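# Residue-level structure breakdown
For reference, the chains in residue letters:
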Amino acid sequence: MQISLKKYVLPLKHTFSISRESHDYQNTLIVGLTLDEQTGYGEATANPYYNITVESMMAEIEGIQAEINSFKLTTPEEFHAFLLSKGLTNFTICALDLAAHDLYGKLLQKPLYSIWGTRTDSYPTTNYTIGIASIPKMVEKMKEFPWPIYKIKLGTADDVAIVKELRNHTDAIFRIDANCAWTPEETIKNAPLLKELGVEFLEQPLKANDWQGMEMVMHHSVLPVIADESCILETDVEKCSLHFSGINIKLTKCGGLTPALRMITQGKELGLKIMVGCMTESTVGISAIAQLIPQLDYVDMDGAMLLKEDIARGVQIASNGTVIFPKLGGSGVTLL
């Protein structure tokens, strides 16, 4: 295989703020793997919370580039096992794993969802994320983008007041993501108030390692709670089943589609609701996530919808939430 690496700076439509950070653009790495005149593309974004930069990912890949070039691709799973043996970070593995899956599907001339034996006649609608801002600005963002499901980022001193005001302007379903900013007591207190305001579930209200606090929340919260930062790896799924109602799998964090598929299977066996979430990323990463949606209860794949400019074509999301899959195999990605 021949490999290509390129850094992109993705401009956002609006400043994107969560409880711990804000940004106006997103750095991302796009990996290309070429074999037999077909190129598969993968993506992984920089992430300060996990100390990941595009440069650090590129350095890891360049360190094994000769081995990648000589690797004989049979299945993406075998390639993923090879990458694991090299001690790369999961973000780097994700970019390569997504590229291998896209390439594999293009070589077979089949979309990934079909290769996995699933159909696209039924799937959940993605939410659209409203980042933390002033209440008028959050209302403005919501009105600018009418949508049936909003994920509301919280972690301020006025969280319930924010949701009350947003509710005055839409009948949409709300999902709340506090990004580890709440205490157990705050979560339990907020839950009934938010349930009355049409909130469907809470995502990662507590710090990732506050298992004792999550046990308290599980026993007393009137809303389901979905793990995000607490569910990074395959080994986290079983522990999360004792403390959460569901898990939000991020491809960048777990290391790509290969482990995500196993996490979905394990989570379902344990009775968990399954969600896959995105970073603020381009259509390259979103098109990979979309291949999983027939297997999911919830999905958050609005990353490319938050961009001022995209860098790729692939899966499209229509204004009514319908997902339009390309005719290409794999994830169906081409760069602009």
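Preceding this paragraph is the structure being described.
These remarks concern the structure in this document. (Residues numbered from 1 in each chain as written. Predicted model: local features only at pLDDT ≥ 70, side-chain atom pairs only at ≥ 80, totals over all residues. Heavy atoms only, no water.)

This brings us to the overall build of the protein. Across its full length, the protein holds 13 helices and 15 strands. Scaling as 2.2 N^0.38, a compact globule of 336 residues should have a C-alpha radius of gyration of about 20 Å, and the protein matches this with 19 Å. For the protein, the C-alpha atoms occupy an extent of roughly 55 × 40 × 40 Å along the three principal directions. For the protein, with 336 residues in total, the buried portion stands at 57%. The long-range fraction of contacts in the protein, counting pairs at least 24 apart against all pairs at least 6 apart in sequence, stands at 65%. Of the charged side chains in the protein, 29 are positive and 40 negative, and the gap between their average positions amounts to 4 Å. (Helix = DSSP H or I, 4+ residues; strand = E, 2+ residues; numbered from the N terminus. Rg over C-alpha atoms; globule rule 2.2 N^0.38 Å. Buried < 20%, exposed > 50% of the residue type's maximum accessible area, 1.4 Å probe, protein only. Contact = heavy atoms within 4.5 Å. Lys, Arg positive; Asp, Glu negative; His and termini not counted. Charge placed at Lys NZ, Arg CZ, Asp CG, Glu CD.)

Mapped onto the fold, Thr258 is located in helix 12 (residues 257-269). The buried category is assigned to Thr258, whose relative accessible area is 3%. If sequence neighbours within four positions are ignored, Thr258 has contacts with Pro76, Glu77, His80, Asp97 and His101.

So, about the sheet that holds strand 6 (residues 173-177). The sheet built from 8 strands is open, its strands ordered 4-5-6-7-8-9-10-11 with parallel pairing. Bordering the open sheet on either side are strand 4 (128-130) and strand 11 (298-300), each of which pairs with just one other strand. Here the average twist between neighbouring strands, direction ignored, is 25°. Pairing between strand 10 (residues 273-277) and strand 11: 3 bridges, direction parallel. Pairing of Met275 across the sheet is with Tyr298, part of strand 11. (Pairing = 2+ DSSP bridges. Axes fitted to C-alpha atoms, helices over the stretch in contact; angles between N-to-C directions.)

Within the span of helix 6 (residues 135-144), buried status applies to Met138, Val139, Lys141 and Met142. What you see down the axis of helix 6 is that its buried residues fit within an arc of 160°, all on one side. Exposed residues lying more than 90 degrees from the buried face of helix 6 are Pro136 and Lys143. Buried positions along helix 6 lie against strand 1 (2-17), strand 4, strand 5 (149-153), helix 7 (159-167) and strand 6. (Arc of directions from axis to C-beta.)

The complete set of buried residues in helix 3 (residues 76-84) reads Pro76, Phe79, His80, Phe82 and Leu83. Buried residues along helix 3 cover an arc of 160° about the axis, so they all sit on one side. Packing partners of the buried residues in helix 3 comprise strand 2 (22-35), helix 2 (65-70), helix 4 (90-108) and helix 12.

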